[in-house]
Each structure stands twice: as structure tokens, then as C-alpha cells.
Amino acid sequence: MGVYHAGSLAVQERVGVRERAEHVGRSLGQGIKPVAAAFLELQPLLVVGAADPATGRAWASPLAGSPGFVRATGPRQMSVLGEPHPADPLHTALTTPDTPVGTIAVDPRTRRRMRLNGRLRPTARGFAVTAEQVFSNCPKHIQRRESYEWAAERRPGAVRRLRQLDAEQRAFIASADTFFLATVHGTGADVSHRGGNPGFVRATSPVDLTWRDYPGNAMFLTLGNLSTDPRAGLLLLDWTTGDTLHLSGEARTEFGDDGERTVRFTLTEAVHRPAALPLRWTAPEYSPANPDIAR
């Protein structure tokens with residue numbers, strides 16, 4: 001099997017980056033190299049994406065812990081300590097053997113990120129993932145945050161489950177400079193990072209979001225997945241309060257004549273979890289790669 005499935009290949013051809021994608025695709029492997037293992041052990045945050053085995057809906061969720069809670073425990077195995085919270089919309093997926101999952105670790109301090117996709121196996125203290133794809137991405141659109149602190153006093157608030165976004169969630173989205181996007185395909189799952197200046201992702205109605213797809217690494221794993229399976233899960237974080245907003249629905253990509261791509265997302269279900277994360281990050285320094293969104 002090649003690096004890319006038919007959906008990604010079709011988008012690469014449409015955009016005219018097939019040759020570049022072939023070159024970039026050589027960086028994908030199944031093994032966790034020592035530099036990648038060292039990176040994982042420094043991270044207090046891991047984002048996981050998957051489809052809920054019970055409902056089929058795609059979600060993205062954050063997991064947090066002291067550095068070392070995520071680590072390589074074999075040439076192709078990543079282990080995560082800690083059980084998912086019962087209110088986490090991925091609770092069932094993260095406790096079901098052989099669930100396809102995508103994971104991403106982003107370090108705002110260094111603007112580095114690493115993705116590992118594979119199959120999940122529950123363990124006595126959390127879960128492990130057997131890697132099928134391991135690769136890093138460029139620092140584009142990652143907002144630099146100098147440091148974080150562990151907010152031990154923080155207590156999660158009451159979880160809200162919604163079918164539409166109210167004013168509070170729409171304001172949350174309007175202020176976001178980062179979100180994570182989970183997608184799925186026939187044999188796996190993936191979760192990617194999206195970043196920009198506040199306003200780069202917009203709620204245009206109580207059930208609709210839109211954002212511009214900025215140029216990236218030319219692999220088009222995310223848009224390739226959406227071209228064959230529209231299910232999508234978004235995760236937005238408040239990097240100060242620890243609030244999380246999980247959105248599940250369907251997304252489609254519109255290709256403009258000028259080469260610009262726009263993604264439109266329609267909400268099926270939302271989960272708002274106040275103070276869900278015990279991390280408090282410093283204010284962002286916006287990426288110099290972020291386009292001006294004032295228009």
C-alpha cells in the first residue's frame with residue numbers, strides 16, 4: 001500500500017502538487033525515531049482523533065499529564081498513561097481495542113509538532129497505539145507560547161451537550177487562534193493542526209463554521225480524507241482557562257478558481273467542557289506565516 005490513499009492523491013492532482021507530495025511522503029514511516037521519542041516525553045498535551053465506535057461520529061479530544069505521560073515504549077509503540085474522562089466524547093473510542101486513531105503532539109514553546117497514527121490497544125493504565133504512520137510537520141501557523149503551568153487548583157465545570165452553538169460558543173470560536181481537526185478514512189484516522197490569527201475560523205450560523213485552508217506540506221491527508229468521508233471533529237482550546245469545545249459533524253472543501261480553498265463544516269453535536277484541562281499557557285506570539293484575515 002502507498003503512502004497516500006485515493007482521496008489524497010485526487011486532491012494533490014487537483015492542486016498540482018503531486019510531485020512535491022511524493023517527495024514529502026518519503027518522510028512518513030512506521031518507526032518512532034529517538035528524536036521523536038525524546039520529543040514525546042517532553043509534552044504535557046496530546047490531541048487524539050477518532051470515530052466513536054458507538055455512533056460513528058468523528059471527534060478530537062485533548063489528553064494532559066506531566067511530561068512523560070506520553071512516551072515511546074517500543075520501536076512502533078506509543079503509550080499514554082491515564083484514563084479518559086467519562087465526559088470525553090472519545091471515551092468509548094479510547095477504551096475499545098483496535099480503534100483507528102490519529103494523534104498529534106504540538107509544542108507551542110518550540111513550534112514543533114509530531115503526528116502518529118495507528119491502532120489503539122487499552123492497557124491497565126491507559127492505552128497504547130501501534131504506529132502505522134509517524135511524521136513531523138513544519139512550524140507554519142503554530143502560535144508560540146513561551147511556557148505553561150500546571151493549574152492544580154482547577155476543577156472541571158458542568159459539561160454542556162448542544163445541537164447548536166449559542167453566543168458563548170460562537171465567541172469562543174471567534175477568539176480562537178488554533179484548532180485541531182480529526183478526520184477518518186476506510187482504514188484509519190488522522191488529526192491535524194490548524195492555526196491563524198483570531199478570526200481565521202468563523203461560525204457563520206449556529207450550526208455552520210468556515211475557514212480558509214492555508215498552504216501546507218502538500219500531503220493533503222486531511223482534505224483527502226474529507227473527499228472520501230465527510231465526517232470531521234474539531235477541538236478548540238482556551239489556552240488560559242482550560243475550557244475545551246468539541247464539535248462533530250461533516251465538512252466539505254470548496255476549490256476557488258484563484259487556487260484558494262475554503263472548508264465548510266456543518267455541526268451535528270457539540271460538547272463544551274469548562275476547565276477540562278489543567279494547563280495554563282502564556283499569551284501567544286502569533287506565527288509570522290499567518291495571513292492577514294481582516295477582509
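Up top is the structure.
Here is a short report on the structure shown in this document.

Basis of the calculations
- Residues numbered from 1 in each chain as written.
- Predicted model: local features only at pLDDT ≥ 70, side-chain atom pairs only at ≥ 80, totals over all residues.
- Heavy atoms only, no water.
- Pairing = 2+ DSSP bridges.
- Helix = DSSP H or I, 4+ residues; strand = E, 2+ residues; numbered from the N terminus.
- Axes fitted to C-alpha atoms, helices over the stretch in contact; angles between N-to-C directions.
- Parallel < 35°, antiparallel > 145°, perpendicular 65-115°, else oblique.
- Left-handed = near helix turned anticlockwise from the far one by under 90°.
- Contact = heavy atoms within 4.5 Å.
- Salt bridge = Lys/Arg side-chain N within 4 Å of Asp/Glu carboxyl O.
- Buried < 20%, exposed > 50% of the residue type's maximum accessible area, 1.4 Å probe, protein only.

So, about the sheet that holds strand β6 (residues 112-123). As summarised here, the arrangement of the seven strands in space is β2-β1-β5-β6-β7-β4-β3, forming an open sheet in which the pairing is antiparallel. The open sheet has two edge strands, β2 (58-64) and β3 (70-74), and neither has a second partner. Taking the axes of each pair of neighbouring strands and ignoring which way they run, one obtains an average angle of 35° across the sheet. In terms of strand pairing, strand β1 (residues 45-51) meets β2 through seven bridges, oriented antiparallel. Looking at β2, one finds that L45 is bridged to A64.

Attention now goes to the pairing of strand β4 (residues 77-81). Note that β3 and β4 share four bridges and pair antiparallel. By the bridge assignment for β4, G74 is matched with Q77. Hairpin geometry of β3 and β4 is characterised by an intervening segment of two residues between the two adjacent antiparallel strands. Summarising the sheet, β4 and strand β7 (residues 126-137) pair through five bridges and their orientation is antiparallel. The residue bridging M78 from the neighbouring strand is V129, located in β7.

Below, the discussion takes up the packing of helix α1 (residues 6-15) against helix α5 (residues 221-228). Running from N to C, α1 and α5 point in directions that differ by 110°, and their axes come no closer than 7 Å. It follows that α1 is roughly perpendicular to α5 by the angle criterion. Here α1 and α5 pass one another in a crossing that is right-handed. Between α1 and α5, the contacting residues are G7, S8 and V11 on the first element and L221, L223, G224, S227 and T228 on the second.

In the structure shown here, the tally under the stated rule is 19 salt bridges. As a salt-bridge pair, R280 and E153 come within 2.7 Å of each other at their nearest N and O atoms. Residue R280 is located in strand β18 (residues 279-281), and its partner E153 is located in the loop between β9 (148-150) and β10 (160-162); the two are separated by 127 residues in the primary sequence. On the accessibility criterion, E153 (52% relative accessible area) is exposed. Among the ionic pairs, R261 bridges to D213, the shortest N-O distance being 2.9 Å. Taken together, the residues R261 in strand β17 (residues 261-273) and D213 in the loop between β14 (208-212) and α5 connect sequence positions 48 residues apart. Of the residues examined, R261 reaches a relative accessible area of 7% and is grouped as buried. One connected set of salt bridges, linked through shared partners, spans E13, R18 and E22.

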